[in-house]
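# A structural walkthrough
Read off the chains here:
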Amino acid sequence: MFKQLLRTMTTTAKLIHSETPGPIEISILTKIQDSFSPTYLKIVNDSYKHAHHAGIRGATNTTESHFNIEIVSSIFEGKTLPTRHRLVYNLLDDEIKHKGVHALQLRTKTESEINKTI
């Protein structure tokens, strides 16, 4: 399933992810691709940086708990930053509430915003 997703995304968008993504990262990739049709998607699993923090001690998921996600999508056109972030948080509600995702660091842009910075 992941290889098929990867093939689909590489023909339509630039995708950057972990070398060996776990099930939660694959779920995040799939949901974002299906819902936002990004032209650029970068997901970095930063869980290892937080493994020894007090807030993560005793958690059942310590290997896929913190993600840095960058999304470029036309779906964000005309939406404020808080609205964009709400869209992502609502999409990943199950991962946050039931699968142990503790933190998301988001960067949500449109293609025109990216082109302005070039």
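Residues numbered from 1 in each chain as written. Predicted model: local features only at pLDDT ≥ 70, side-chain atom pairs only at ≥ 80, totals over all residues. Heavy atoms only, no water.

## Here's the deal with the sheet that holds strand β2 (residues 40–45)
Sheet architecture is open: four strands sit in the order β1-β2-β3-β4, paired in mixed fashion. If you trace the sheet from one side to the other, it starts and ends with β1 (14–16) and β4 (103–109), each paired once. Neighbour-to-neighbour, the strand axes of the sheet open up by a mean angle of 5 degrees, direction not taken into account. Strand direction decides the pairing type here: strand β3 (residues 66–72) and β4, joined by seven bridges, are parallel. Each bridged residue has a counterpart across the sheet, and for asparagine 68 the counterpart in β4 is glutamine 105. (Pairing = 2+ DSSP bridges. Helix = DSSP H or I, 4+ residues; strand = E, 2+ residues; numbered from the N terminus. Axes fitted to C-alpha atoms, helices over the stretch in contact; angles between N-to-C directions.)

## What about helix α3 (residues 81–91)?
Every buried residue of α3 is accounted for by Arg84, Val88 and Leu91. Taken end-on, α3 shows its buried residues confined to a sector of 65 degrees, consistent with a single buried face. Structurally, α3 contributes buried residues whose contacts are with α2 (23–36), β3, α4 (93–98), β4 and α5 (111–116). (Buried < 20%, exposed > 50% of the residue type's maximum accessible area, 1.4 Å probe, protein only. Arc of directions from axis to C-beta. Contact = heavy atoms within 4.5 Å.)

## Considerations on the pattern of salt bridges
Applying the stated criterion to the full structure yields five salt bridges. Across the pair glutamate 95 and lysine 31 runs a salt bridge, and its minimum N-O distance is 3.0 Å. One end of the pair, glutamate 95, is in helix α4; the other, lysine 31, is in helix α2, with 64 residues separating them in the sequence. On the basis of relative accessible area, lysine 31 is assigned to the partly exposed category, the value being 25%. Here lysine 99 and aspartate 94 are joined by a salt bridge, their closest N and O atoms 3.3 Å apart. Residue classification places lysine 99 among the partly exposed residues on the basis of a relative accessible area of 35%. (Salt bridge = Lys/Arg side-chain N within 4 Å of Asp/Glu carboxyl O.)

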